[in-house]
Number of protein chains: 2
Amino acid sequence: MIGRKDVEAAWGLIRPHVRRTPVIELPAGSLGFGSVSALKLESLQVSGTFKGRGAFHKLLASKVPPAGIIAASGGNHGVAAAYAARVLGHKAEIFVPTISSPAKVARLKSYGAIVHQIGAVYAEARAASEKRAAETGALMVQAYEDPVVFAGAGSVALEFAEQATFDTLLVAVGGGGLIAGCAAAIGEGTKIVAVETEGTPTLHEALRAGRPVDVKISGIAADALGASRIGVPNFEVAAKLVRESVLVSDDAVRKAQRALWEELHVVAEPSGATGLAALMAGAYRPAPGERVATLICGANTEPGSVV
Amino acid sequence: MIGRKDVEAAWGLIRPHVRRTPVIELPAGSLGFGSVSALKLESLQVSGTFKGRGAFHKLLASKVPPAGIIAASGGNHGVAAAYAARVLGHKAEIFVPTISSPAKVARLKSYGAIVHQIGAVYAEARAASEKRAAETGALMVQAYEDPVVFAGAGSVALEFAEQATFDTLLVAVGGGGLIAGCAAAIGEGTKIVAVETEGTPTLHEALRAGRPVDVKISGIAADALGASRIGVPNFEVAAKLVRESVLVSDDAVRKAQRALWEELHVVAEPSGATGLAALMAGAYRPAPGERVATLICGANTEPGSVV
C-alpha cells in the first residue's frame, strides 16, 4: 500500500508540469454554514481537474512505447491523459462512454487525441480500450485503479496542507483515485471524509460490504463519479484511512454549484461541487471549532450550466 | 495626491472584510503569448470585482448617517457598495443605468439594496443619485472620483506585489479608480500600463488632451468601463504615473474571455478580460524578459456568456 513518501516522490516528478492551484479561505458564515476554512480551486489545474496530476505521474514514471498511451474515462481522466500526452510528446487514444459531455469530447480533440465514443457506461468504454491496448502495445493509463496514478493525485493534498490549516478534508469519490491519493498523503493526521452522490455510492457501498461491490449508477454526477466499482488498491487505502462516508442528493450538488458561482464566481462541474454540497446540506456536520476544507476538484462543463 | 502610504493605510482598514484573492502563475507560452508572469483573480473578490475594496474603505473611513449610503454605478461599484453596506449594517440605495445586466441588478437586490434603474448612460444615473442624496442626507459613495475609494482599490496592487514578481502591470480603465489606486500603490517602481477598449477610451483621450475630456462610449465593455470622463483626482495620478496607454478591440476582449475559460476555467466579464486582451492581441508588447502581470478584475456576468 502506498503512503505519504510515495505521494511526495510523485509530486517531485510532476511539479514542473502542474499548477499550484489557489486556495480561498472562507470566513465563518460564508455559503450559509459556519465552519469551512478553505476551498482549494483544483478546478484551475491543467486539464481542468485534479486528474492532470495522476496522468502526468503515470506518463513520467513509465516507459511510453511508440504506440503512445490509451485511456478510458468518463471524461476528466481522458482529458488529463490527452493533455499530458500532448505536453510530453506522445500519441493518445481516448475511449469515452457516449454520455460524456460535448465540452469534454471537444477538449479531448483539441489536444490532438483520437477519441472513441463507445458504450453507455464507463465499463464498456474501458473494455474497448483494453482490447485496443492489447492490439497496439500502447501504455494503458488507468483512470483510478493504479497506485502510480493516485499517488500523483494525492499531491493535491500535500499542496493544500501547505496552503491552509484544516482538521478535516472532504473529498468527492468516483473510482477512488483522488481519495486514495489524499488519504495516503495526509490521512494519518487529517480526518478524510468521503462524499458521493446518492446515485454514485461506489465507496459507500464497498465500505458497508467490506469489499468492492458493483453499484448501479445514476444522476447528475454519473459522468465524472460514475465508476460502478471502487478500485481494489483504492479500497485498500480507503478502508484503512477514510474515517467517514456520506451521501448527498443531486439537488444538494446543484445548490452547491450555484452557490460557488453566486458567492465566489467559481464554476464547478457537479463532481467538483460534491464535497461542498455535503457541508451545505448538512450531510457532514463538523464539530464546534473543527476546521473543514474541501477540494473544488473539476470544472469541465459548460459554464452556463451552473446557474 | 495620494501615495503608497495612503493605500497601505486603506488596506489595513479593509483587510478584515475583503478576500486575499489568488494568483495564477503562467509559464511562458500559455494563452498564446510568451511573457505573462501572473494573473490575479480579483474576480473572486467579495462582491465579484475589485470594487469591494474601495467601497469598504469609503464606508469604514466615513461617518455613515442613518439615511445610509447612495451609489451610482454601471453595476459593479453599486454591487460592491450594496455588499459593503449590508455587511456593515447600513441602508443602501443604488442608481444604475438601464443598460446594466440583469445579473448585476439581481445581485444588488439580493443584498437588500433599493435599486433605481434610471438613464441610458452612467452620467444620468449619477445625476439622479446626487439629487436623491441631497434630499435624504445619505452618504454619497462615488464610483471612482474619490481618493478614499481608489486608495481602497489600490490595495489589490500591494497584495499582488506580495504574491508575484513583475515589472509591468496591465490595468483595465473605466473611470480610473483601479488604475489610480494601483499607480499610487506601486507606480513608482512598477510600469503601469492602461488598457481600454476602442469604445471606452476615457483615459487614452484624456492623456492625449492633457486633461479629462468627454468621450463617447460604446461596445462590449460599456457597462463596466463606460465612464464618459476620467475622474479629476484619478487623472492627476494617472498623468504622473501611468507609463503607457493602449486600446483593444471588442473582438480581442471576447477572445481573452474565451481563453480564460478554455485554458483556466476562469469566468471574467469583458472589463475583467481587457488587460489580458492587450497581451493576447499584441496591443502591448513586452520586451524580452519583461515580467508582465494583469488583473482579472471582475466576473459579474452570466457564466454562459463567456464561450
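Figured I'd write up the structure that's included with this text. This one's a predicted model, so the numbers in the text were calculated from it and none came from an experiment. (Residues numbered from 1 in each chain as written. Chains lettered and ligands numbered in written order. Predicted model: local features only at pLDDT ≥ 70, side-chain atom pairs only at ≥ 80, totals over all residues. Heavy atoms only, no water.)

Thoughts on the layout of surface pockets
Residues and elements named next belong to chain A.
- The computed volume of the second largest pocket comes to approximately 370 Å³.
- Lining the second largest pocket are 33 residues, with Lys-51, Gly-174, Ala-224, Leu-225 and Gly-226 sitting closest to its centre.
- Among the elements of the structure, α3 (76-88), α8 (177-186) and α10 (222-225) are those that each provide at least two residues to the lining of the second largest pocket.
- In terms of residue count, α10 provides more of the lining of the second largest pocket than any other element does, four residues in total.
- When residues of the lining of the second largest pocket are assigned to domains, at least three map to each of domain 1 (4-49 + 147-305) and domain 2 (52-140). (1 Å grid on protein atoms, 1.4 Å probe; cavity = no way out; pocket = protein on both sides within 12 Å on 5 of 7 lines; lining within 4 Å. Points joined across faces, edges and corners; volume = space filled by probe spheres on them. Helix = DSSP H or I, 4+ residues; strand = E, 2+ residues; numbered from the N terminus. Domains from an automatic or database assignment.)

Notes on the relation of the copies chain A and chain B
- Structural alignment of chain A on chain B gives an RMSD of 0.0 Å, achieved by rotating through 180° and translating 0.0 Å along the axis. Taken together, the rotation angle and the small translation identify this as a two-fold axis. By C-alpha distance to the rotation axis, the residue of chain A lying nearest is A:Gly304, at 1.8 Å.
- A high fraction, 100%, of the interface residues of chain A reappear at the interface in chain B, so the copies pair face to face through one surface. (Least-squares fit on C-alpha atoms with pLDDT ≥ 70 in both. Contact = heavy atoms within 4.5 Å.)

What about the packing of helix α8 (residues 177-186) of chain B against helix α11 (residues 232-241) of chain B?
Residue and element names in this part refer to chain B.
- One way to put it is that α8 packs onto α11 with a least axis distance of 9 Å and a crossing angle of 55°. With respect to α11, the axis of α8 lies oblique. Between α8 and α11 lies a crossing whose hand is left-handed. Residue-level contacts link Gly-177, Ala-180, Ala-183 and Ala-184 of α8 to Asn-234, Val-237 and Leu-241 of α11.
- Considered class by class, the residues forming the contact of α8 with α11 number five nonpolar, two polar and no charged. (Axes fitted to C-alpha atoms, helices over the stretch in contact; angles between N-to-C directions. Parallel < 35°, antiparallel > 145°, perpendicular 65-115°, else oblique. Left-handed = near helix turned anticlockwise from the far one by under 90°. Nonpolar A, V, L, I, M, F, W, Y, C, P; charged D, E, K, R; others polar.)

Description of empty space enclosed by the protein
- One pass over the full model with this rule turns up four cavities of 30 Å³ or more.
- Secondary-structure elements contributing two or more residues to the lining of the largest cavity are α3 (76-88), α8, α10 (222-225) and α13 (270-280) of chain B.
- Looking at the lining of the largest cavity, the element that brings in the most residues is α10(B), giving four residues.
- Taken together, the residues of the lining of the largest cavity sort by class into 17 nonpolar, 13 polar and four charged.
- Two domains share the lining of the largest cavity, each providing at least three of its residues, namely domain 1 (4-49 + 147-305) and domain 2 (52-140) of chain B.
- Considering only enclosed or pocket space, the second largest cavity measures out at about 80 Å³ in volume.
- Lining the second largest cavity are A:Leu41, A:Ser43, A:Leu44, A:His265, A:Val266, A:Val267, B:Leu41, B:Ser43, B:Leu44, B:His265, B:Val266 and B:Val267.

Brief notes about the sheet that holds strand β5 (residues 114-117) of chain B
Residues and elements named next belong to chain B.
- Pairing is parallel in the open sheet, where four strands are placed in the order β5-β4-β3-β6. Only two strands of the sheet have a single partner each, and these edge strands are β5 and β6 (139-141). Averaged over all pairs of adjacent strands, the angle between strand axes in this sheet comes to 20°, irrespective of strand direction.
- Across four bridges, the pairing between strand β4 (residues 92-96) and β5 is parallel. Looking at β5, one finds that Val-96 is bridged to Gln-117.
- Against the sheet, helix α5 (residues 122-136) engages β3 (69-72), β4 and β6, with an angle of about 165° to β3. (Pairing = 2+ DSSP bridges.)

Some remarks on the side chain of B:Glu290
All names here are of chain B.
- Structurally, Glu-290 is set in the loop between α13 and β10 (292-295).
- Nearest to the buried, unbridged Glu-290 among oppositely charged side chains is Lys-191, at 4.7 Å.
- Here the side chain of Glu-290 touches Ala-287 through a polar contact of 2.7 Å, landing on its backbone nitrogen. (Buried < 20%, exposed > 50% of the residue type's maximum accessible area, 1.4 Å probe, protein only. Lys, Arg positive; Asp, Glu negative; His and termini not counted. Salt bridge = Lys/Arg side-chain N within 4 Å of Asp/Glu carboxyl O. Polar contact = N/O pair within 3.5 Å; in protein donor to acceptor, adjacent residues only side chain to side chain.)

Here's the deal with the pairing of β3(B)
All names here are of chain B.
- Covered by surrounding structure in β3 are Ile-69 and Ala-71 together with Ile-70 and Ala-72, the residues of both alternating faces.
- Pairing of β3 with β6 involves three bridges; the strand directions are parallel. Pairing of Ile-70 across the sheet is with Met-140, part of β6.

So, the packing of aromatic side chains
Residue and element names in this part refer to chain A.
- Following the criterion strictly, the structure yields six aromatic pairs over all chains and no others.
- Taking the centre distance of 4.7 Å and the plane angle of 45° together, the rings of Phe-160 and Phe-166 count as tilted.
- Relative accessible area serves as the criterion here: at 0%, Phe-160 is assigned to the buried category.
- On the basis of relative accessible area, Phe-166 is assigned to the buried category, the value being 10%.
- These aromatic residues form a ring-pair network of at least three members: Phe-56, Tyr-83 and Tyr-111.
- Lying over the aromatic face of Trp-11, Arg-15 brings its terminal NZ or CZ to 4.0 Å of the ring centre. (Phe/Tyr/Trp six-rings, centres within 6.5 Å; stacked < 30°, edge-to-face > 60°. Lys NZ or Arg CZ within 6 Å of the ring centre and 35° of its normal.)

Topic: α5(B)
All names here are of chain B.
- Between its first and last C-alpha atoms α5 spans 21 Å; for 15 residues at 1.5 Å apiece the expected length is 21 Å, and the two agree.
- Along α5, the positions that sit buried rather than exposed are Tyr-122, Ala-125, Arg-126, Ala-128, Ser-129 and Ala-133. Projected onto a plane normal to the axis of α5, the buried residues spread over an arc of 165° and lie on a single side. Along α5, exposed side chains directed more than 90 degrees from the buried face belong to Lys-131, Ala-134 and Glu-135.
- Check the buried side of α5 and you find it contacts β3, β4 and β6.
- Note on α5: the residue one or two positions beyond its end, Gly-137, has a positive phi of about 80°. (Expected span 1.5 Å × (residues − 1). Arc of directions from axis to C-beta.)

Here's the deal with the environment of B:Pro102
Residue and element names in this part refer to chain B.
- Structurally, the position occupied by Pro-102 is in helix α4 (residues 102-110).
- The class for Pro-102 is exposed, based on a relative accessible area of 64%.
- A sequence separation of 39 residues divides Pro-102 from Lys-63, and the C-alpha atoms of the two residues are 32 Å apart.

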